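# Residue-level structure breakdown
Residue strings, one per chain:
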Amino acid sequence: MFDAHAHVYEYSLEELEKIKDIKVICVTEDLESLKKSLELAERFDNLIVFAGIHPWNYKLANEKYLKKFEEFIDKNIDKIFGIGEVGLDRIFVKEIEKQKKIFEFQVKIAKEYNLPLNVHSAGALKDVLKILQKFKIEKVNIHWFSNPNFVKQINELNYFASFNQTLEIKENHKKCLELINENLVLIESDGPYNYKNIYLHTLNIKNTCEIVKKLKEIDENKIANNFKEYLKSR
Ligand SMILES: [Zn+2]
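It should be emphasised that the depicted structure is a prediction, and the values quoted were computed from it without experimental measurement.

## Considerations on the overall build of the protein chain
A tally of regular secondary structure across the protein chain gives nine helices and ten strands. Its C-alpha radius of gyration of 16 Å places the protein chain within 12% of the 17 Å reference for a compact globule of 234 residues. Seen through its C-alpha atoms, the protein chain measures out along the principal axes to roughly 50 × 40 × 35 Å. Looking at the 234 residues of the protein chain, the share that counts as buried comes to 56%. For the protein chain, contacts bridging at least 24 residues in sequence account for 68% of all contacts bridging at least 6. For the protein chain, the exposed area adds up to about 11500 Å²; of that, 47% sits on carbon and sulfur atoms.

Okay, here's the thing in structure tokens:
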């Protein structure tokens, strides 16, 4: 079983013990969460660490910080398997131009080291795709993909998309799953997070897999293969 997007540094050691059999992509949001995740990955070999500065942290990321971030990745490149959670957000935060600068900086790192991207695109998928295409990026996961207007483009670009337990209540998320190419489907928790009384957590990933199976008629092996394809960039 795989989880394509979780904020693992927020889990307790007890929780981490319980998810040892699940391969988890640990997205990070800044240097601190990246360092913490790398420490955890030394103890738990199911954790696959991605390095990222989240768009919500755009205030933190001045030039000095970005330089430090890039140097840290360079030093630890053997332990970092992708770039994320990065992207743009037009819903929860403002200052889109500043966010774009930080996102582009990280997209360039992904390009340079040939790493897959794990992307946040709340209300900003159009801008996100424009930047990814500008840098001719091939390996991407659009996390919590919920805008059916972009399914055709995502299918054409061969970008992966991850789906979570909110499939139970979110019609747009469900619609995206129904329309997307089955080779591009990943599942995620985005845990730990409480969304409208649904507790998003890696522990519930099996349940998410069951929901996906019902809606899409694809099995666990297919999803596992998609994961391997997504991570197979180097
Ligand atoms: Zn997230």
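## Notes on the nonpolar core
Ranked by internal contacts, the top residues of the largest apolar core, which has 81 residues, are Leu117, Leu132 and Phe145. A total of seven residues in this core trace back to one element, the largest contributor, which is helix α4 (residues 96–113). Dropping the residues within four chain positions of it, Leu117 is found in contact with Ile83, Val86, Val107, Ala110, Leu132, Ile137, Lys139, Val140, Asn141 and Tyr230.

## Let's talk about the packing of helix α3 (residues 63–75) against α4
At a minimum axis distance of 12 Å, the contact between α3 and α4 shows a crossing angle of 20°. Between α3 and α4, the angle is such that the two are roughly parallel. Crossing hand, α3 versus α4: right-handed. Here α3 contributes Glu63, Leu66, Phe69, Glu70, Ile73 and Asp74 to the contact with α4, which in turn contributes Lys101, Ile102, Phe105, Gln106, Ile109, Glu112 and Tyr113. Split by residue class, the contact of α3 with α4 holds seven nonpolar, one polar and five charged.

## Regarding the environment of Lys108
Positionally, Lys108 belongs in helix α4. Note on Lys108: relative accessible area 46%, which makes it partly exposed. Along the primary structure Lys108 and Glu29 are separated by 79 residues, whereas in three dimensions their C-alpha atoms are 17 Å apart.

How each quantity is defined
Residues numbered from 1 in each chain as written. Predicted model: local features only at pLDDT ≥ 70, side-chain atom pairs only at ≥ 80, totals over all residues. Heavy atoms only, no water. Helix = DSSP H or I, 4+ residues; strand = E, 2+ residues; numbered from the N terminus. Rg over C-alpha atoms; globule rule 2.2 N^0.38 Å. Buried < 20%, exposed > 50% of the residue type's maximum accessible area, 1.4 Å probe, protein only. Contact = heavy atoms within 4.5 Å. Areas by Shrake-Rupley, 256 points an atom, 1.4 Å probe, with all protein chains shown as cover. Core = buried A, V, L, I, M, F, W, Y, C linked by side-chain atoms within 4.5 Å. Axes fitted to C-alpha atoms, helices over the stretch in contact; angles between N-to-C directions. Parallel < 35°, antiparallel > 145°, perpendicular 65-115°, else oblique. Left-handed = near helix turned anticlockwise from the far one by under 90°. Nonpolar A, V, L, I, M, F, W, Y, C, P; charged D, E, K, R; others polar.

Purely geometric stuff here, so don't read any function into it on its own.
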